[in-house]
Amino acid sequence: MTNLILAFDGDATSAFGKDELQTAVEIARIGCWGAKIQKPIFGHTYPGTTEVLHSLGYKVILDWKLTEISNSVDRLLCWAQSVGIDFNTCRTDEESQFGLEDALKKNRSRAERIIGVALFSSLTNKMLVERTGKTREDIIVPRIKWSHAQGIRRFVTPGEDVGIYKEYAPGSELFLVGMRAEKIKGDDQKLAVTPEIVEKLGVFATIFGRPVTTEDDPVAAFRRCSDLIKAAANP
């Protein structure tokens, strides 16, 4: 079964409020591989946050989608490692490649901690063709090849692009975004998939936030999503 990752950021921060820590504890008991964070939570600094999440068994993913100039990327990757961040998301578009490549030249082992983001899932194939004349595959494949040359073997992907990554980055760990048990009003995820589809895709992990964090009871919502994926894995 796919590993589950909960996004403790954006809507999650406001949804959990003062009960974030208890929510994290209860969700860890249900079974959650990782936590994706974007800013300090639980009222702690990052070191305190990562220590709490690690003690509960979470891997910690810092969702920065780093796009800074080379020196900044280098400093931020060093800092993230020093406070216990397990993985960082980094954009791999052409504008971001110089800074990331420069940072990796200084320490190639950092590639093991990077989850590449080739293209956001808020853009459908039709939207891209209308705007750029290119399909998602046209844009993603060169970025996958560049990432592999840098030693990056983990990628964030919507369900629609999983086949592209499996063809051009075989053996990579894929982190699926956009799992939805049902449609969410105002959702910017244009390429969402259902729990049943998640298991058929065979991805390493599934990241979800709003199916849980927009609910009044996030723990119950997480359990519901988890049960749907387990049911799909064991029909």
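Up top is the structure.
Nothing here was measured: the structure is a model prediction, and the numbers come from that model. (Residues numbered from 1 in each chain as written. Predicted model: local features only at pLDDT ≥ 70, side-chain atom pairs only at ≥ 80, totals over all residues. Heavy atoms only, no water.)

Draft legend 1. A look at the overall build of the protein. A tally of helices and strands in the protein yields 11 helices and eight strands. Of all intrachain contacts in the protein linking residues separated by at least 6 positions in sequence, the fraction that spans at least 24 positions is 68%. Accessible surface, the protein as shown: approximately 11100 Å² in total, 48% of it carbon and sulfur. (Helix = DSSP H or I, 4+ residues; strand = E, 2+ residues; numbered from the N terminus. Contact = heavy atoms within 4.5 Å. Areas by Shrake-Rupley, 256 points an atom, 1.4 Å probe, with all protein chains shown as cover.)

Draft legend 2. Local environment of empty space enclosed by the protein. For the structure on display, the rule yields two cavities of 30 Å³ or more. Approximately 40 Å³ is the volume found for the largest cavity. In terms of lining, the largest cavity is formed by Leu-77, Ala-80, Gln-81, Asn-88, Arg-110 and Arg-113. Looking at side-chain class alone, the lining of the largest cavity contains two nonpolar, two polar and two charged residues. (1 Å grid on protein atoms, 1.4 Å probe; cavity = no way out; pocket = protein on both sides within 12 Å on 5 of 7 lines; lining within 4 Å. Points joined across faces, edges and corners; volume = space filled by probe spheres on them. Nonpolar A, V, L, I, M, F, W, Y, C, P; charged D, E, K, R; others polar.)

Draft legend 3. Structural detail: the side chain of Asp-86. Within the secondary structure layout, Asp-86 lies in the loop between helix H4 (70-82) and strand E4 (87-91). Polar contacts involving the side chain of Asp-86 include one to the side chain of His-54, which spans 2.7 Å. Looking at Asp-86, its side chain comes within polar contact range of the main-chain nitrogen of Val-60, at 2.7 Å. When residues no more than four places from it in sequence are discounted, the contact partners of Asp-86 are His-54, Tyr-58, Lys-59, Val-60 and Arg-113. (Polar contact = N/O pair within 3.5 Å; in protein donor to acceptor, adjacent residues only side chain to side chain.)

Draft legend 4. Structural view of the nonpolar core. With 53 residues, the main nonpolar core has Tyr-58, Leu-100, Ile-152, Phe-208 and Phe-222 as its most contacted residues. Excluding anything up to four places from it in sequence, Tyr-58 contacts Phe-8, Ala-24, Ile-27, Ala-28, Cys-32, Trp-33, Gly-34, Ala-35, Leu-53 and Asp-86. (Core = buried A, V, L, I, M, F, W, Y, C linked by side-chain atoms within 4.5 Å. Buried < 20%, exposed > 50% of the residue type's maximum accessible area, 1.4 Å probe, protein only.)

Draft legend 5. View of the environment of Ile-140. Within the secondary structure layout, Ile-140 lies in helix H7 (residues 136-149). For Ile-140, a relative accessible area of 0% puts it in the buried group. Separated by 22 residues in sequence, Ile-140 and Ala-118 place their C-alpha atoms 5.8 Å apart. If we ignore the near neighbours within four places in the chain, the residues touching Ile-140 are Ala-118, Leu-119, Asp-161, Ile-164 and Tyr-165.

Draft legend 6. Highlighting the packing of aromatic side chains. Inspection of every chain in the model, using the stated rule, returns six aromatic pairs. For the ring pair Trp-33 and Phe-204, a centre distance of 5.3 Å and an interplane angle of 90° mean the geometry is edge-to-face. One end of the pair, Trp-33, is in the loop between helix H2 (20-30) and strand E2 (34-37); the other, Phe-204, is in the loop between helix H9 (195-201) and strand E8 (205-208), and 171 residues separate them in sequence. Taking the relative accessible area as the measure of exposure, Phe-204 reaches 25% and is therefore partly exposed. Counting every residue linked through ring pairs, the aromatic cluster contains Trp-33, Phe-87, Phe-175 and Phe-204. (Phe/Tyr/Trp six-rings, centres within 6.5 Å; stacked < 30°, edge-to-face > 60°.)

Draft legend 7. Region of interest: the pairing of strand E7 (residues 173-177). For E7, a buried count of four out of five residues is recorded, marking the element as mostly surrounded by other parts of the structure. Direction of pairing for strand E6 (residues 154-158) relative to E7: parallel, over a ladder of five bridges. Bridging from a neighbouring strand, Pro-158 pairs with Val-177 of E7. In terms of handedness, the path from E6 via helix H8 (residues 162-168) over to E7 forms a crossover that is right-handed. (Pairing = 2+ DSSP bridges. Right-handed = clockwise from strand over helix to strand, strands pointing away.)

Draft legend 8. Focus on the packing of H2 against helix H11 (residues 218-233). Direction vectors running N to C along H2 and H11 enclose 20°, while the axes themselves pass 10 Å from each other. What the angle tells us is that H2 and H11 run roughly parallel. Of the two elements, H2 crosses H11, and the hand of that crossing is right-handed. Between H2 and H11, the contacting residues are Thr-23, Glu-26, Ile-27 and Ile-30 on the first element and Pro-218, Val-219, Phe-222, Arg-223, Ser-226 and Lys-230 on the second. In the contact of H2 with H11, the residues fall into five nonpolar, two polar and three charged. (Axes fitted to C-alpha atoms, helices over the stretch in contact; angles between N-to-C directions. Parallel < 35°, antiparallel > 145°, perpendicular 65-115°, else oblique. Left-handed = near helix turned anticlockwise from the far one by under 90°.)

Draft legend 9. Representation of the pattern of salt bridges within the structure. Evaluation of the coordinates by the stated rule reveals seven salt bridges. Between Asp-93 and Arg-91 there is a salt bridge, with its nearest N and O atoms 2.8 Å apart. With relative accessibility at 8%, the residue Asp-93 sits in the buried group. The partner of Arg-136 in a salt bridge is Asp-161, and the shortest N-O contact between them spans 2.5 Å. Taken together, the residues Arg-136 in helix H7 and Asp-161 in the loop between E6 and H8 connect sequence positions 25 residues apart. Here Arg-136 falls in the buried class, since its relative accessible area comes to 1%. Each of Asp-74, Lys-106 and Arg-110 takes part in salt bridges that share partners, so that together they form one network. (Salt bridge = Lys/Arg side-chain N within 4 Å of Asp/Glu carboxyl O.)

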